[in-house]
Amino acid sequence: MTYKQRTIDFLEIEWATYIERFNRLPALEGSKRVRAQGYDRFRDMLAHVLSWWEDVMPVILAIAENREFEKKKYDFDVFNAEAVAKYKDWDEAEFSAHFENTRQKTVADLRSINEAAFEDRRIQGRINGIFIHHAREHLVALSKFLTLDTLEHEWGNYVAAFDAYEKKEEFLKKQGVVRFADLLAHAVAWWDEGVIAVQGALNDPAFVYDGPADTDAYNAAILFKNQKVSDAELRTLFEQKRLALIDLVRELPESAFENPTIENWLAADVVEHFDEHAM
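Everything quoted here is computed from the prediction, not taken from an experiment.

(A) Spatial organisation of the overall build of the protein. Tallying secondary structure elements over the protein gives 14 helices and zero strands in all. C-alpha extents for the protein along the principal axes are approximately 55 × 45 × 35 Å. Relative to its 279 residues, the protein shows a buried fraction of 47%. By sequence separation, contacts in the protein at least 24 residues apart represent 79% of the contacts at least 6 residues apart. Carbon and sulfur atoms form 51% of the exposed surface of the protein, whose accessible area is close to 15,100 Å². For the protein, the distance from the average position of its 34 positive side-chain charges to the average position of its 51 negative side-chain charges is 4 Å.

(B) A look at unusual backbone geometry. Notably, Asn 66 is not glycine yet its phi reads approximately 60 degrees, a positive angle. Topologically, Asn 66 is positioned in the loop between helix H4 (42–64) and helix H5 (76–87). Taking relative accessible area as the criterion, Asn 66 reaches 73% and is therefore assigned exposed.

(C) Fine view of the packing of aromatic side chains. The full count for this structure, using the stated rule, is 29 aromatic pairs. Consider the rings of Tyr 74 and Phe 76, whose centres lie 6.1 Å apart with planes at 20 degrees: the pair is stacked. A relative accessible area of 30% places Tyr 74 in the partly exposed class. Ring geometry for Tyr 74 against Phe 79: centres 5.5 Å apart, planes inclined by 85 degrees, an arrangement best described as edge-to-face. In this structure Phe 79 comes out as buried when scored by relative accessible area, which is 14%.

(D) Examining helix H7 (residues 121–137) more closely. In this model H7 runs just 21 Å from its N-terminal to its C-terminal C-alpha over 17 residues, more than 12% under the 24 Å that 1.5 Å per residue would give. Bending of H7 peaks at approximately 45 degrees at the position of Asn 128. For H7, the set of buried residues is Ile 123, Ile 127, Ile 130, Phe 131, Ile 132, His 134, Ala 135 and Arg 136.

(E) Just the side chain of Ser 51, in detail. Of note, Ser 51 is situated in helix H4. On the basis of relative accessibility, which here comes to 7%, the residue Ser 51 falls in the buried class. Residues contacting Ser 51, with those up to four places away along its chain left out, are Phe 79, Ala 83 and Tyr 87.

(F) Summary view of the packing of helix H8 (residues 144–154) against helix H13 (residues 231–251). Between H8 and H13, whose axes approach to 10 Å, the crossing angle comes to 165 degrees. With respect to their mutual orientation, H8 and H13 come out roughly antiparallel. Where H8 crosses over H13, the handedness of that crossing is left-handed. Of H13, the residues touching H8 (which contributes Lys 144, Thr 147, Leu 148, Leu 151 and Glu 152) are Arg 242, Leu 245, Ile 246, Val 249 and Arg 250. Across the contact of H8 with H13, the residue classes tally to five nonpolar, one polar and four charged.

(G) The environment of Glu 193, seen in detail. On the secondary structure map, Glu 193 appears in helix H11 (residues 180–203). Relative accessible area serves as the criterion here: at 14%, Glu 193 is assigned to the buried category. Spatially, the C-alpha atom of Glu 193 lies 9.3 Å from that of Tyr 209, the residues being 16 residues apart in sequence. Dropping the residues within four chain positions of it, Glu 193 is found in contact with Tyr 209, Gly 211, Pro 212, Tyr 218, Trp 265 and Asp 269.

(H) Structural detail: the pattern of salt bridges. Across all of its chains, the model carries 25 salt bridges by this definition. Residue Asp 275 is joined to Arg 136 by a salt bridge in which the shortest nitrogen-to-oxygen separation is 2.9 Å. Taken as a pair, Asp 275 in helix H14 (residues 260–276) and Arg 136 in helix H7 lie far apart in primary sequence, 139 residues in all. If you follow the salt bridges from partner to partner, you end up with Arg 6, Arg 136, Asp 149, Glu 154 and Asp 275 in one network.

Thresholds applied
- Throughout this description, residue numbers start from 1 for each chain and increase along the sequence as written.
- For a predicted model such as this one, the threshold for reporting local features is a pLDDT of at least 70, and the threshold for listing and counting side-chain atom pairs is 80 or more; totals across whole chains, interfaces and linings nevertheless cover every residue.
- The side-chain values count all of the structure's non-hydrogen atoms but skip hydrogen atoms and water molecules.
- Numbering of helices and strands starts at the N terminus; helices are DSSP runs of H or I of at least 4 residues and strands are runs of E of at least 2.
- We call a residue buried when its accessible area falls under 20% of the maximum for its residue type, exposed when it is over 50%, and partly exposed in between, using a 1.4 Å probe and counting protein chains only.
- By the convention used here, residues are in contact when the closest approach between their heavy atoms is within 4.5 Å.
- Under the convention used here, a 1.4 Å probe and the Shrake-Rupley method define accessible areas, while residue burial counts only the protein chains that appear.
- His is not counted, nor are the chain ends; Lys and Arg add positive charge and Asp and Glu add negative charge.
- Here the site of a charge means NZ on Lys, CZ on Arg, CG on Asp, or CD on Glu.
- To pair, rings of Phe, Tyr and Trp, with the six-membered ring standing in for Trp, must have centres within 6.5 Å; the planes then decide the type, stacked if under 30 degrees apart, edge-to-face if over 60, and tilted in the middle.
- Given a helix with a known number of residues, its expected span is that number minus one, times 1.5 Å.
- Two axes enter the bend calculation: one fitted to the seven residues ending at the residue in question, the other to the seven starting there, and the bend is the angle between them.
- Lines are fitted to the C-alpha atoms to define the axes, a helix being fitted only along its stretch in contact, and any angle between axes, read from their N-to-C directions, falls within 0 to 180 degrees.
- Reported orientations rely on four angle classes, namely roughly parallel under 35 degrees, roughly antiparallel over 145, roughly perpendicular from 65 to 115, and oblique for the rest.
- For any pair of crossing helices, the crossing counts as left-handed if the nearer helix is rotated counterclockwise from the farther one by less than a right angle, and right-handed if it is rotated clockwise.
- Residue polarity is assigned by list, with Asp, Glu, Lys and Arg as charged and Ala, Val, Leu, Ile, Met, Phe, Trp, Tyr, Cys and Pro as nonpolar; anything else, Gly included, falls into the polar class.
- A pair is scored as a salt bridge if a Lys or Arg side-chain nitrogen falls within 4 Å of a carboxyl oxygen belonging to Asp or Glu.

Have a look at this one:
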């Protein structure tokens, strides 16, 4: 899959179903998740997302067409507050239509850009920020698409990204590990827990997952257990487990993501966990 197609898929699959997936949540649960994101209303968070699309897409087009563009220095708190205020008093139907029209126009604009332009790091940085990373950052109702994308592209490139990373020691120190293989062992162990939860929920509607009660102790035990396992062996194991998890998720029906146990574990183990350990 090309980077251009991946970007378009985010608009046509992830963001196209974003509101619908949120609306399936029980009202109290939805409100809880939105407030955890720092917003009073789901509409306010949508306004934030929409405003970034509106502000950054003209720059992406200008870069692709080799035109001059205004180089801004953002005060993110100010920008985000203005985004919410801008749409605060809009009629609900009017706002929903504007969000959807903007999404569709963005897809059309992205399709119009030459494939080669998507290799420009300035374009990639903006796309990663407002379309891809933003979907993980504002995850309020997990999708099959986002789960697979994170496994295939983010975790799939994790080892290569570390090998190319210039500040390896600083990164490992920040992560609280001695070697990169420790992080791989950590990810694999939690994926195994997630698989137990997912398969249990699939097999038994009354299933209740009883996982590690003490997260810190469990993480320490993972490191101790794998301290004599070689880097090469853990890299191989990481890739095997990643591919197995992809196969499992691909087989899941879309309805499985409405199961709280499955959604919560995959959101935590796959999507949020990646950003916790991203470079």
